[in-house]
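Coordinate inspection notes
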Amino acid sequence: RSAAAATRALISSSSSSILTRDLHASSGKKKIVGVFYKAHEYAKMNPNFVGCVENALGIRDWLESQGHEYIVTDDKEGPDCGIAYRAYDLEGKTVGTVGCGRIGRLLLQRLKPFGCNLLYHDRIKMDPELENQIGASYEEDLDKMLPKCDVVVVNTPLTEKTKGMFDKERIAKLKKGVLIVNNARGAIMDTQAVADACSSGHIGGNLLVQLKSTACFQMLVLGYSGDVWYPQPAPKDHPWRYMPNQAMTPHISGTTIDAQLRYAAGVKDMLDNYFKGEDFPAQHYIVKEGELASQYR
């Protein structure tokens, strides 16, 4: 509606302006109308933030150098409209998973259709056939993988080796503006180091997940996202409650109806194995005979 109103206003202000269905350009000066959101103070914070009134797609100089008139207006009313100035497509971004067991592999499989560059770090390299099917690349050295990642997803179990893994020094190796999703345990992260990095903007930014199709699927992800805290439940003064660029939930991802049905079925299967005197599948063990299962050592 706003675009139509702007066009009508232009037509009424100039006797030489004519609406036509002819798509072939003619010579001479043209009036080009751009309709965008206002970005306000955010317009200067990202050089690639061109889809706003203030930056006008970055084509003003080009149009005016050719003698055309470029008129830009906004299509919203009120002081609170504008778009996210740190929103990006997931397509083409590098996503790395720290830990590639059952959950890490499912993550990679589900990300494949988004056209990401997929990396994974784990003690054990996955089967070559599966690796090729998923299209993921193995990174033996974690500290070499992390600087490559736009998004880091933590899927490793909490052990003495992984506790505090993401400390100040390791976070400093990440890209500025990196996104971290912690699916594992809160204690894998150094609490204050994460809070400081979110506050400084080293961790942070918004990500627009969008598929190439006529129907867009969009999701906004903040700088640090997680469902796990340390300690848990988190005290009222926990730094993550108040840091910017975060999206934290109180450990509720395992309480959906679907999740409850899954773990109910799993418990039943394991009890059935126990009653029959049969061993559990090796991949289901966390601790066996008082020792941490081999896959977690």
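For the structure, check the block above.
Here the structure is a predicted model, which means the values were calculated and not measured.

Ordered in space as β5-β4-β3-β6-β7-β10-β11, the seven strands form an open sheet in which the pairing is parallel. If you trace the sheet from one side to the other, it starts and ends with β5 (136-138) and β11 (246-248), each paired once. Between one strand and the next, the sheet's axes are offset by a mean angle of 15 degrees, whatever the strand orientation. In this sheet, strand β4 (residues 117-121) lies alongside strand β3 (residues 94-98) in parallel orientation, the contact comprising five bridges. By the bridge assignment for β4, T97 is matched with Y120.

We now examine helix α8 (residues 257-275). The end-to-end C-alpha separation of α8 is 27 Å, in line with the 27 Å expected for 19 residues at 1.5 Å each. With its phi angle positive at about 75 degrees, G277 sits one or two positions after the end of α8.

Counting residues in each nonpolar core, the largest one holds 29 residues, and the members touching the most others are V152, F166, I180, M189, Y224 and W240. At the level of secondary structure, the elements contributing two or more residues to this core comprise α5 (142-145), β6 (151-154) and α7 (191-200). Of the residues forming this core, the biggest block, five residues, is contributed by α7. Here M189 is in contact with V154, F166, I180, N182, V194, Y224 and W240, once residues within four sequence places are set aside. In this structure, L111, C116, Y120 and V153 belong to the second largest nonpolar core, which totals 16 residues.

Considering the arrangement of structural elements, one finds V152 in strand β6. Relative accessible area serves as the criterion here: at 0%, V152 is assigned to the buried category. A C-alpha to C-alpha distance of 5.9 Å links V152 and T97, two positions 55 residues apart in sequence. Sequence-distant contacts of V152, defined by excluding residues within four places in its chain, comprise G96, V98, L146, F166, L174, V178, L179, I180 and V181.

Turning our eyes to something else, we now look at the side chain of N182. The topology assignment puts N182 in strand β7 (residues 179-182). Overall, the relative accessible area of 1% leaves N182 in the buried class. A distance of 3.1 Å separates a polar atom in the side chain of N182 from a polar atom in the side chain of Y224. Among all residues touching N182, those that are not within four sequence positions of it are V154, M189, Y224, S225, G226, D227 and V228.

For the rest of this paragraph, the subject is the pairing of β6. Of the two faces of β6, the one holding V151 and V153 and the one holding V152 and V154 are both buried throughout. With four bridges connecting them, β3 and β6 associate as parallel partners. By the bridge assignment for β6, V95 is matched with V151. Of the strand pairs in this sheet, β6 and β7 are connected by four bridges, and their pairing is parallel.

Glancing now at a nonpolar patch on the surface. A contiguous nonpolar surface patch, about 460 Å² in accessible area, is contributed by V267, L271, Y274 and F275. The residue V267 is located in helix α8 in this model.

Under the counting rule described, the total for this entry stands at four aromatic pairs. Look at Y224 and W240: their rings are 5.1 Å apart centre to centre, the planes differ by 50 degrees, and that puts the pair in the tilted class. Here Y224, found in strand β10 (residues 224-226), pairs with W240, found in the loop between β10 and β11; they are 16 residues apart in sequence, far enough to count as distant. Considered together, Y224 and W240 belong to a single accessibility category, that of buried residues. One aromatic cluster is present, built from ring pairs that chain together Y224, W229 and W240. The lysine or arginine in question, R241, covers the ring of W229, its NZ or CZ lying 5.5 Å from the ring centre.

Analysis parameters
Residues numbered from 1 in each chain as written. Predicted model: local features only at pLDDT ≥ 70, side-chain atom pairs only at ≥ 80, totals over all residues. Heavy atoms only, no water. Pairing = 2+ DSSP bridges. Helix = DSSP H or I, 4+ residues; strand = E, 2+ residues; numbered from the N terminus. Axes fitted to C-alpha atoms, helices over the stretch in contact; angles between N-to-C directions. Expected span 1.5 Å × (residues − 1). Core = buried A, V, L, I, M, F, W, Y, C linked by side-chain atoms within 4.5 Å. Buried < 20%, exposed > 50% of the residue type's maximum accessible area, 1.4 Å probe, protein only. Contact = heavy atoms within 4.5 Å. Polar contact = N/O pair within 3.5 Å; in protein donor to acceptor, adjacent residues only side chain to side chain. Patch = residues over 30% accessible without salt bridge, like charges linked within 9 Å, V, L, I, M, F, W, Y side chains within 5 Å. Areas by Shrake-Rupley, 256 points an atom, 1.4 Å probe, with all protein chains shown as cover. Salt bridge = Lys/Arg side-chain N within 4 Å of Asp/Glu carboxyl O. Phe/Tyr/Trp six-rings, centres within 6.5 Å; stacked < 30°, edge-to-face > 60°. Lys NZ or Arg CZ within 6 Å of the ring centre and 35° of its normal.

This is a description of form; function is not addressed.
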